[in-house]
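# Chain and residue survey
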Amino acid sequence: MNLALALLISLLVYLDSWPVGQFMLGRPMFLLPLLGLLLGMPLVGVWLGLVLELITLRSLPMGSALPPDPALAGVWTLLGLSRAALAADTWTPVLLALLVALPLCWVAPWLTLAQRRINGHVWRPRFLLAVEAGDARACGRAMGFTFAQTALLGLAASAAAILLVESAAPLLIPLGEQLAHGKLGGWLPLPWALLALSLGGLWRHAAGRGGNQRLWLGLGAALPLAWLVWRLP
Amino acid sequence: MNAGLLRRLFLRSLFIQAAWNYRGMQHLGLLWAQLPALPEDKEARRAAMARGAEFYNAHPYLCGYLLGAAARLEPQGEGESLSRLKKAALSPLGAVGDRLFWAGLRPLAGAVGVLGLALLAASPSASTQGLYWAVALGALAVLAFNIVHLQWRWRALRDGFDLGLGVAQSIRGLVNHQGLAHTGAALCVLAGLMAPLLGAGAADAGGLPGVLMFLLLLAAGWQLPARRWSLPALLGLLGLLWLLP
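Worth saying up front: this structure is predicted, and the values here are computed from it rather than measured.

Rules behind the numbers
Residues numbered from 1 in each chain as written. Chains lettered and ligands numbered in written order. Predicted model: local features only at pLDDT ≥ 70, side-chain atom pairs only at ≥ 80, totals over all residues. Heavy atoms only, no water. Salt bridge = Lys/Arg side-chain N within 4 Å of Asp/Glu carboxyl O. Helix = DSSP H or I, 4+ residues; strand = E, 2+ residues; numbered from the N terminus. Buried < 20%, exposed > 50% of the residue type's maximum accessible area, 1.4 Å probe, protein only. Contact = heavy atoms within 4.5 Å. Buried area = accessible area lost by both parts, 1.4 Å probe. Polar contact = N/O pair within 3.5 Å; in protein donor to acceptor, adjacent residues only side chain to side chain. Phe/Tyr/Trp six-rings, centres within 6.5 Å; stacked < 30°, edge-to-face > 60°. Lys NZ or Arg CZ within 6 Å of the ring centre and 35° of its normal. Domains from an automatic or database assignment. Nonpolar A, V, L, I, M, F, W, Y, C, P; charged D, E, K, R; others polar.

## Comments concerning the pattern of salt bridges
Enumeration according to the criterion identifies five salt bridges over all chains in this entry. Between Glu166(A) and Arg83(A) there is a salt bridge, with its nearest N and O atoms 2.9 Å apart. Taken together, the residues Glu166(A) in helix 7 (residues 136-181) and Arg83(A) in helix 4 (residues 70-84) connect sequence positions 83 residues apart. Residue class for Glu166(A) comes out partly exposed when judged on its relative accessible area of 22%. Among the salt bridges present, the one from Arg51(B) reaches Glu74(B), with a minimum N-O distance of 2.9 Å. Remark: Glu74(B) occurs in the loop between helix 4 (64-73) and helix 5 (79-122) and Arg51(B) occurs in helix 3 (residues 42-52); sequence separation between them is 23 residues. Of the two residues, Arg51(B) and Glu74(B), neither departs from the other in class, the shared state being buried. One network of salt bridges, in which partners are shared, links Arg51(B), Glu74(B) and Glu80(B).

Have a look at this one:
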């Protein structure tokens, strides 16, 4: 994929994640399968979307908290891997994508942290000068500069991340192959293990103060479906 | 006149977090959003801007209540009352918004999308058409989430503008909102529906040991404390287990 287009997509996802609107356009369960489909990597898109969404579904951006960012991590990974032109529809790129995207989920919020610090140290004083002067236009200009600088930093970070993933992917292929086909496969393939862990956490989060009553509510939904799945050929 | 002003305030309220910082948090976003509604008089405007730049941090989707109230009260010279309202409303707006949107509707929309993908991943004969359906379900979940929060944002702004100081009653009504009670239960049902689908996929991938491992990890996930370090720590442990011969 063209780097300019990849950067534009990353920028939209970043701006949507906190500075503008928060329309959840970058939710992995929706955007990553769609991007995977468009980039010719449907299996990678589905698995990345499924695992990243489920693993971070109970991470909440409450107050000033910076939870893991699956949207940027997933988009950077998928775009970087598509530029590396790996063989698309096998387990190797799926595992490779998960290996890359999971740590990125915890790294991506540093971009937000850096921007918020810049806002406090660089742009807030400009706003306060405008407030002191009672100058609404200067306040508007300060917002324009803040927004433009936020977008520029987002673009620069996205370019660095995408190019890094693209250049690291060929080096990580042996590990991905080992996980997919070698002795590291274990009893249960890694993506399923991640899904099981995340689902348990989500269930606990959803049960909340409802405790056992809600556990049984979930089991009430699970057991008939499990019976149906077991009975199906 | 009012409709045009409300539209401008609404569009600006979407940028409430654009200048978020650790000193005043969303205060600069709120200040910028209320600029079109400030009084004409220079001294009154300066005082209103100073009040607008006071500390502010609440749920971004619910800022409309105070933004609308500011647009009503500042031109009437009731800025001091607005300032008191703002201080009193910060905690309820933050707490209710977080519970309703971040802990309720957002995971619910995400879980609906995940359910579609889980169905696809668990099916050995999944086709491209199945993927289209899963993407469409995800898009529908995102669309439904956006309809709810955008409609709520608009209604909050109008309530604030129409009621002025009386918006405190609307904010009090939010605390007992029925939606808070139902989202957790709905999420539990969705998690319950996902479990057999993903379990079937694990059975395909790893046979009986795969299913047992899946159930064990499901229980481990249930017990995992909701802390920032807990998931990376468990993933690291899982990685080490995988590396054992």
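## Digging into the interface of chain A and chain B
Listed by partner, the interface residues are 88 residues for chain A and 93 residues for chain B. The contact between chain A and chain B buries some 7900 Å² in all, and 75% of this surface belongs to carbon and sulfur atoms. The three residues of chain A that bury the most area against chain B are Met29(A), Trp192(A) and Leu197(A), which together make up 9% of that side's buried surface. Inspection of the region where chain A meets chain B yields 13 residue pairs in polar contact (both at pLDDT 80 or more). At the level of secondary structure, the elements contributing two or more residues to the side of chain A that touches chain B comprise helix 2 (28-39), helix 3 (42-56), helix 6 (109-133), helix 7, helix 8 (190-207) and helix 9 (212-231) of chain A. Element by element, the count of residues in the side of chain A that touches chain B is highest for helix 8 of chain A, at 16 residues.

## Things to note about the packing of aromatic side chains
Applying the stated rule across the entire model yields eleven aromatic pairs over all chains. Taking 6.2 Å as the distance between ring centres and 15 degrees as the angle between the ring planes, the aromatic pair formed by Trp123(A) and Phe145(A) counts as stacked. Here Trp123(A) is found in helix 6, whereas its partner Phe145(A) is found in helix 7, with 22 residues between them in sequence. An aromatic cluster is present here, built from Tyr61(B), Phe101(B), Trp102(B), Phe145(B) and Trp152(B) joined pairwise through their rings. Sitting over the face of the ring of Trp102(B), Arg106(B) holds its NZ or CZ atom 5.4 Å from the ring centroid.

## So, the domain arrangement of chain A
All names here are of chain A. For chain A, the assigned domains are domain 1 (3-185) and domain 2 (187-233). With centres defined by C-alpha atoms, the gap from domain 1 to domain 2 works out at 29 Å. Counting from both sides, the interface comprises 14 residues of domain 1 and, opposite them, 13 residues of domain 2. For the domain 1 and domain 2 pair, buried surface summed over both sides reaches about 1200 Å², with 84% attributable to carbon and sulfur atoms. When residues of the side of domain 1 that touches domain 2 are traced back to their parent elements, those giving at least two are helix 3 and helix 5 (91-107). In terms of residue count, the dominant contributor to the side of domain 1 that touches domain 2 is helix 3 (five residues). For the side of domain 1 that touches domain 2, the per-class residue count stands at twelve nonpolar, one polar and one charged.

## Considerations on unusual backbone geometry
Residue and element names in this part refer to chain A. In the Ramachandran plot, Gln 22 falls in the positive-phi region, its phi being about 55 degrees despite a non-glycine side chain. Assignment of secondary structure puts Gln 22 in the loop between helix 1 (3-17) and helix 2. Even without being glycine, Met 24 reaches a positive phi, approximately 65 degrees. Secondary-structure assignment places Met 24 in the loop between helix 1 and helix 2. Residue class for Met 24 comes out buried when judged on its relative accessible area of 9%.

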